[in-house]
Amino acid sequence: MTATPALLEVEEVGTPAPAGGPPTSTRRILTTITKDKGALACVLFIVIVVLMAVAAPLITKLSGWGPYQFDSAAINSDLGGVPHGSLGGISGNHWFGVEPQNGRDLFARIVYGARVSITISLSATLLTGVLGVVLGMLAGFYRGWVDTVISRLMDFLMAFPALIFMIAILSSLPAGNRPVLLVVVISAFGWPYLARVIRGQTMTLANREFVEAARASGAKDVQVVFREILPNLRGSIIVMTTLAIPGYIGTEAGLSFLGVGVSPPTASWGQMISSSVSWYSVDPMFFVIPGTFLFLTVLSLTVLGDKIRSVVDQGEAA
Amino acid sequence: MKKSTMLVGLAASAALALSACSGNATGSSQASAGPGGPAADGGTVQVLANAAFSHLDPARGFDGGVNNFYRLIYRTLTTQGAAPGAEGTKIVPDLATTTGTPSDGGKTWTFTLKDKLFFETGAPITSADVKWGVSRAWDPELGIGSPYAKQIIAAPASYQGPYKSGDLSTIETPDAKTIVFHLKKPYADFGSVVAQNTFVPVPKGQGAGNSLDSKPIASGPYKISEYKPGATLKLVRNDKWDKSSDAVRAAKPDGFQWTFGLDPATIDERMIAGQGTDADAIAGTVQAATVARIQTPQLKQRTMSGLGGCTTYMGLNTTKKPLNDLKVRQAIEYAVNKQTVRDAVGGSTLADIATSIQPPTVAGRVDYDLYPSTDHKGDLDKARALLTEAGYQGGFTLTLDSRTQPKMQAMAVAIQQALEPLKITVKINPIDTSTYYEVIGTPSQQKDMAITGWCPDWPSGATFLPPLFDGRNITAKGNSNLSQLNDKGVNAKIDEIANLTDVTAANKAYGELDKQIMALAPVVPLLYEKVLMLVGSNIAGAYLHDGFSGGIDLVSVGLADAGK
């Protein structure tokens with residue numbers, strides 16, 4: 001989960017300031033991706049995960065087992081609750097096997113876990129996106145004391161040991177609405193990484209001729225910011241947010257792994273991995289299945305984000 | 001006693017296969033190599049542990065783990081036997097020559113000390129030292145352990161221990177060998193009470209404040225040579241202890257070495273590997289995930305299992321709606337699927353299903369099931385019928401207090417699932433483990449239900465049913481009557497049994513009272529958790545002791561080959 005800051009910091013350095021040329025068109029991104037097999041596979045997997053999340057109740061109706069339903073018959077009570085059969089109890093009945101000790105269907109829990117991962121990471125991305133873009137543009141456009149205040153706040157948040165603070169704050173907060181708390185805490189520490197890039201780009205854009213022209217023709221600050229500057233930031237925002245989503249998925253899983261994420265019995269990939277740790281030698285599939293899903297989701301989003309970035313960079317360089 | 005910690009193992013007569021002769025267990029059925037074989041003199045027994053001891057001060061510590069450990073360094077007037085099964089829970093003389101002589105109709109008890117008793121300092125143990133140790137129990141800061149001395153022995157209401165209030169006139173020491181206790185009212189089983197930790201002798205005038213927690217003054221066969229709280233504890237022989245004065249402690253090894261703070265999974269791996277000094281090691285109950293790995297004949301031979309002597313139960317708060325309705329509580333009794341609860345803690349090797357409040361290790365306990373269902377999987381039809389009768393067929397919401405600990409969470413989820421078909425929504429309220437008992441023991445903070453455990457302080461109903469179900473014991477803080485049951489019939493029966501002078505008859509009556517209480521359904525007995533331990537290949541003389549939550553009796557364990 002520490003990957004969030006590290007990853008984004010690298011991106012920031014790697015994203016060149018726009019030197020000119022037309023803003024990258026969405027269509028060009030799409031055509032490039034559909035031509036790239038790797039990127040297409042990533043999109044396909046992401047679509048599958050999102051579909052799983054959206055249609056979770058329908059899918060589990062089809063598979064026959066709910067995410068919270070116990071199946072005592074699928075586990076061996078005499079051996080500490082190990083699933084019957086090889087590969088963690090994989091069978092026609094339980095497609096991905098069952099959880100040791102209670103026999104809950106792993107397939108159902110993966111499907112519902114996707115819900116948690118996707119909801120939390122998308123909400124956190126949305127919130128950091130709004131915060132990062134608005135505050136970054138404010139700082140870059142107005143400069144002066146506004147910039148000082150926002151920049152110092154960003155420095156403070158980025159220098160803060162975020163992970164330790166997240167664990168501390170989540171474990172001391174009462175058990176309220178966990179997913180909302182997670183989104184708020186993740187976003188509170190996530191927005192400066194986007195805001196810093198936006199601030200820098202806004203600064204250069206604000207001195208460009210078309211902005212001056214807009215001003216000269218009597219446009220107000222708000223119009224300049226939202227009509228002139230924001231459209232030019234689109235490429236960076238798409239790249240930054242696409243790359244942020246896997247980071248937040250990882251953070252959510254990490255916090256759940258550490259026991260401060262969503263509370264049981266809610267299914268979550270991080271929590272599944274956490275409880276599988278003690279079973280690694282007798283039931284490795286319990287670890288492999290949620291681990292694979294988490295890995296592939298994060299990988300797909302990262303690769304996709306990378307592709308988009310290179311398309312955007314090419315566009316800007318052109 | 002105390003709430004069981006449930007992390008640590010509990011339980012007992014593993015050594016069913018052992019045909020033990022008193023003192024050291026000898027001759028197990030599996031040749032001499034097993035953990036039950038005879039122990040040799042010498043060597044150091046290693047103990048791998050996750051949690052450190054709560055207190056080394058005998059007036060303060062009070063749970064299955066420290067009670068067992070205290071016997072290595074401390075002696076009491078009487079103590080529990082050192083043998084598997086019922087022999088282990090029999091009270092035998094220790095510092096005293098007998099288990100006590102009652103007079104004045106059981107209101108006054110006299111004990112005479114043996115000869116050749118010494119502290120580790122070389123000073124003789126006198127009746128004045130025993131009295132000093134006992135009177136420490138009244139000190140508000142020190143007396144947080146066993147409550148029995150305070151509850152049973154008469155004392156002025158303002159008495160606050162020897163450091164603050166001075167001499168306690170209700171305990172007399174006419175000479176250096178005789179000690180006389182005056183009780184509030186007759187107590188037939190006082191011979192068991194003086195086996196409690198609070199009856200450890202402390203040299204007169206010493207032990208104020210925290211001093212005994214860091215430097216105990218040993219009266220038993222071992223003394224502390226090195227103690228790093230939370231990390232290690234090393235015991236060496238107390239050469240002032242005279243074996244001829246002690247019929248209970250075999251004390252074969254030359255020392256013990258505890259290592260605390262180890263991860264439970266690490267302990268299991270080390271015990272399975274059994275390399276180096278781990279061959280001389282003992283540890284607590286294995287993790288559920290390890291059960292499947294210790295099924296090989298080699299490891300099975302090193303495995304010990306038995307009942308923990310505690311009951312894990314779910315308290316139903318009878319002051320909350322709709323749990324104040326007997327029918328609703330009975331419906332929950334029927335609905336809970338104890339199979340899934342048992343699987344949540346690790347299946348049949350780690351727990352037996354409970355149907356009565358008292359566990360099988362308690363004398364006089366009757367085996368019965370007032371709320372039967374096929375394979376204990378719950379009888380939803382009966383439960384539904386009862387809820388309909390009570391007018392709650394539409395369902396309701398209950399809050400279940402649970403610890404933020406995987407095993408407790410798993411049990412809570414199992415309860416949640418079991419009640420779901422009745423349209424009872426169970427909300428799990430996770431509470432930090434360190435404050436859990438404080439919260440559920442405060443009636444103003446406790447919610448509808450809570451899962452906890454109880455272990456008897458000595459295996460008699462007297463230490464099980466009255467603390468949990470006497471309605472007059474409900475306190476604003478530190479309350480152990482979780483269901484807040486205050487039933488006239490139960491209270492009257494408790495008084496009636498307390499007045500019985502025959503201990504066997506009293507235990508039998510508690511068995512009947514158990515049934516009477518279950519008819520009111522204030523708690524759902526869930527499990528009798530078991531201990532399942534893996535010991536090192538060089539361990540001998542080991543058996544699980546019924547009196548110490550099923551832990552390996554430390555005063556009997558030793559090494560098969562001390563030279564290794």
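Not measured: the values here are computed from a predicted model. Each chain has its residues counted from 1, running along the sequence as written. Following the order in which they are written, the chains are lettered starting with A and the ligands numbered starting with 1. The predicted origin of the model limits local features to residues at a pLDDT of at least 70 and limits the giving and counting of side-chain atom pairs to 80 or more, whereas totals for whole chains, interfaces and linings rest on all residues. Heavy atoms throughout the structure, all of them, feed into the side-chain values; hydrogens and water do not.

## Topic: the interface of chain A and chain B
Turning to step 1, where the next piece is worked out: Throughout, a contact is declared for two residues whenever any of their heavy atoms are within 4.5 Å. With 21 residues of chain A in contact, the opposing surface of chain B contributes 23 residues.
Turning to step 2, where the next piece is worked out: For the chain A and chain B pair, buried surface summed over both sides reaches about 1700 Å², with 59% attributable to carbon and sulfur atoms.
Turning to step 3, where the next piece is worked out: By definition, a salt bridge exists where a carboxyl oxygen of Asp or Glu is found within 4 Å of a side-chain nitrogen of Lys or Arg. Taken together, chain A and chain B are joined by 0 salt bridges.
Turning to step 4, where the next piece is worked out: Side-chain atoms alone can form a polar contact between residues adjacent in sequence; in general such a contact is a pair of N or O atoms within 3.5 Å, and within protein one must be able to donate a hydrogen while the other accepts it. Our enumeration of links across chain A and chain B arrives at 8 residue pairs in polar contact (both at pLDDT 80 or more).
Turning to step 5, where the next piece is worked out: Three classes are used, and their members are as follows: Ala, Val, Leu, Ile, Met, Phe, Trp, Tyr, Cys and Pro are nonpolar, Asp, Glu, Lys and Arg are charged, and the others, Gly among them, are polar. Across the side of chain A that touches chain B, the residue classes break down as 11 nonpolar, 8 polar and 2 charged. Buried area is calculated as the accessible area (1.4 Å probe) missing from two parts once they are joined, with the contributions of both summed.

## Some words on the packing of helix α9 (residues 209–216) of chain A against helix α10 (residues 221–257) of chain A
All names here are of chain A.
Turning to step 1, where the next piece is worked out: Axis separation between α9 and α10 bottoms out at 10 Å; the angle between their running directions is 165 degrees. Relative to α10, α9 is oriented roughly antiparallel. Crossing of α9 against α10: the hand is right-handed. Residues Phe 210, Val 211, Ala 214 and Arg 215 of α9 touch α10, and the partners they reach there are Val 224, Glu 228, Ile 229 and Asn 232.
Turning to step 2, where the next piece is worked out: Of the residues belonging to the contact of α9 with α10, the class tally is 5 nonpolar, 1 polar and 2 charged. In this description, a line fitted to the C-alpha atoms serves as the axis of each element, helices being fitted only across the stretch in contact, and the angle between N-to-C directions of two axes falls anywhere from 0 to 180 degrees. Only DSSP runs of H or I with at least four residues qualify as helices, and only runs of E with at least two residues qualify as strands; both kinds are numbered from the N terminus onward. Here roughly perpendicular refers to angles of 65 to 115 degrees, roughly parallel to angles under 35, roughly antiparallel to angles over 145, and oblique to all remaining angles. Rotating anticlockwise by less than a right angle from the far helix to the near helix defines a left-handed crossing, while the corresponding clockwise rotation defines a right-handed one.

## Let's talk about unusual backbone geometry
Peptide bonds are mostly trans, and most non-glycine residues show a negative phi.
Turning to step 1, where the next piece is worked out: Following B:Lys321, the chain continues to B:Pro322 via a peptide bond in cis, the omega torsion being -10 degrees.
Turning to step 2, where the next piece is worked out: As for its position among the elements, B:Pro322 is in the loop between β13 (311–316) and α9 (326–335).
Turning to step 3, where the next piece is worked out: The backbone phi angle of A:Gln101 is positive, close to 75 degrees, even though this residue is not glycine.
Turning to step 4, where the next piece is worked out: Looking at the secondary structure, you find A:Gln101 in the loop between β2 (82–83) and α5 (106–142).
Turning to step 5, where the next piece is worked out: Burial classes follow relative accessibility: with a 1.4 Å probe on protein chains only, a residue under 20% of its type's maximum area counts as buried, one over 50% as exposed, and anything between as partly exposed. Accessibility expressed as a relative area gives 16% for A:Gln101, which makes it buried.
Turning to step 6, where the next piece is worked out: Positive phi outside glycine occurs at B:Lys116, with the angle close to 55 degrees.
Turning to step 7, where the next piece is worked out: Looking at where B:Lys116 falls in the secondary structure, it is placed in the loop between β5 (108–112) and α2 (127–135).

## Observations concerning helix α7 (residues 264–273) of chain B
All names here are of chain B.
Turning to step 1, where the next piece is worked out: For α7, the complete set of buried residues consists of Ile 267, Asp 268, Met 271 and Ile 272. Axial view of α7: buried residues confined to an arc of 130 degrees, hence all on one face.
Turning to step 2, where the next piece is worked out: Buried residues along α7 sit against β1 (44–48), β11 (281–283), α8 (297–301) and β18 (523–534).
Turning to step 3, where the next piece is worked out: Looking one or two residues beyond α7, the residue adopting positive phi is Gly 274, at roughly 60 degrees. The arc in question is the one traced by the directions running from the helix axis out to the C-beta atoms.

## Observations concerning the UniProt feature "transmembrane region" (unreviewed entry) in chain A
Turning to step 1, where the next piece is worked out: UniProt positions are given in the numbering used here, feature names are shortened, and annotations may be inferred rather than shown by experiment. The residues that UniProt annotates with the feature "transmembrane region" (unreviewed entry) are residues 38–59, 116–141, 153–173, 179–198, 237–264 and 284–304 of chain A.
Turning to step 2, where the next piece is worked out: For residues 237–264 of chain A, the helix share is 75%, the strand share is 0%, and the end-to-end C-alpha distance is 35 Å.

## Quick notes on the pairing of strand β8 (residues 222–228) of chain B
All names here are of chain B.
Turning to step 1, where the next piece is worked out: In terms of strand pairing, β8 meets strand β9 (residues 232–237) through 6 bridges, oriented antiparallel. Across the sheet, residue Tyr 222 finds its bridge partner in β9, namely Arg 237.
Turning to step 2, where the next piece is worked out: Linking β8 to β9, which pair antiparallel, is a turn of 3 residues; within it Gly 230 sits at a positive phi near 80 degrees. Any two strands with at least two DSSP-identified bridges between them are counted as paired.

## Let's talk about α10(A)
Residues and elements named next belong to chain A.
Turning to step 1, where the next piece is worked out: One less than the residue count of a helix, multiplied by 1.5 Å, gives the span that helix is expected to have. Look at α10: only 46 Å from first C-alpha to last across 37 residues, short of the 54 Å you get at 1.5 Å a residue.
Turning to step 2, where the next piece is worked out: Bend, in this description, refers to the angle at a residue between axes fitted to the seven residues ending there and the seven starting there. Helix geometry: α10 is bent most strongly at Leu 230, by close to 50 degrees, with proline Pro 231 lying one to four residues after it.
Turning to step 3, where the next piece is worked out: Residue Gly 259 follows α10 closely and has a positive phi angle near 85 degrees.

## Some points on the UniProt feature "domain: Solute-binding protein family" (unreviewed entry) in chain B
Turning to step 1, where the next piece is worked out: What UniProt calls "domain: Solute-binding protein family" (unreviewed entry) maps, in this numbering, to residues 90–474 of chain B.
Turning to step 2, where the next piece is worked out: Taken end to end, residues 90–474 of chain B comprises 24% helix and 20% strand; its first and last C-alpha atoms sit 31 Å apart.

## Comments concerning the state of the cysteines
Residues and elements named next belong to chain B.
Turning to step 1, where the next piece is worked out: Counting rule for disulfides: a pair of cysteine sulfur atoms within 2.5 Å. Applying the stated criterion across every chain yields a total of 1 disulfide over all chains.
Turning to step 2, where the next piece is worked out: Cys 310 shares a disulfide with Cys 455; S-S distance 2.1 Å. For the disulfide bridge between Cys 310 and Cys 455, the dihedral angle about the S-S bond is near 100 degrees, and by the sign convention the bridge is right-handed. Taken together, the residues span a long stretch of sequence, with Cys 310 in the loop between β12 (303–307) and β13 and Cys 455 in the loop between β17 (449–454) and α14 (465–469) at a distance of 145 residues. Each member of the pair Cys 310 and Cys 455 is classed as buried.

## Brief notes about the pattern of salt bridges
Oppositely charged side chains are able to pair whenever their charged atoms sit close together.
All names here are of chain B.
Turning to step 1, where the next piece is worked out: Using the criterion set out here, one finds 33 salt bridges over all chains in the structure.
Turning to step 2, where the next piece is worked out: In this structure, the salt-bridge partner of Asp 246 is Arg 75, at a minimum N-O distance of 3.6 Å. Here the residue Asp 246 occupies a position in the loop between β9 and β10 (255–259), and Arg 75 occupies one in the loop between α1 (64–73) and β2 (78–80), the gap between them amounting to 171 residues.
Turning to step 3, where the next piece is worked out: The exposure class assigned to Asp 246 is buried, which follows from its relative accessible area of 4%.
Turning to step 4, where the next piece is worked out: When its relative accessible area of 2% is taken as the criterion, Arg 75 is described as buried.
Turning to step 5, where the next piece is worked out: Note that Lys 493 is salt-bridged to Glu 496, the shortest N-O span being 4.0 Å. Of this pair, Lys 493 and Glu 496 both sit in helix α15 (residues 488–498), separated by 3 residues, roughly a single helical turn.

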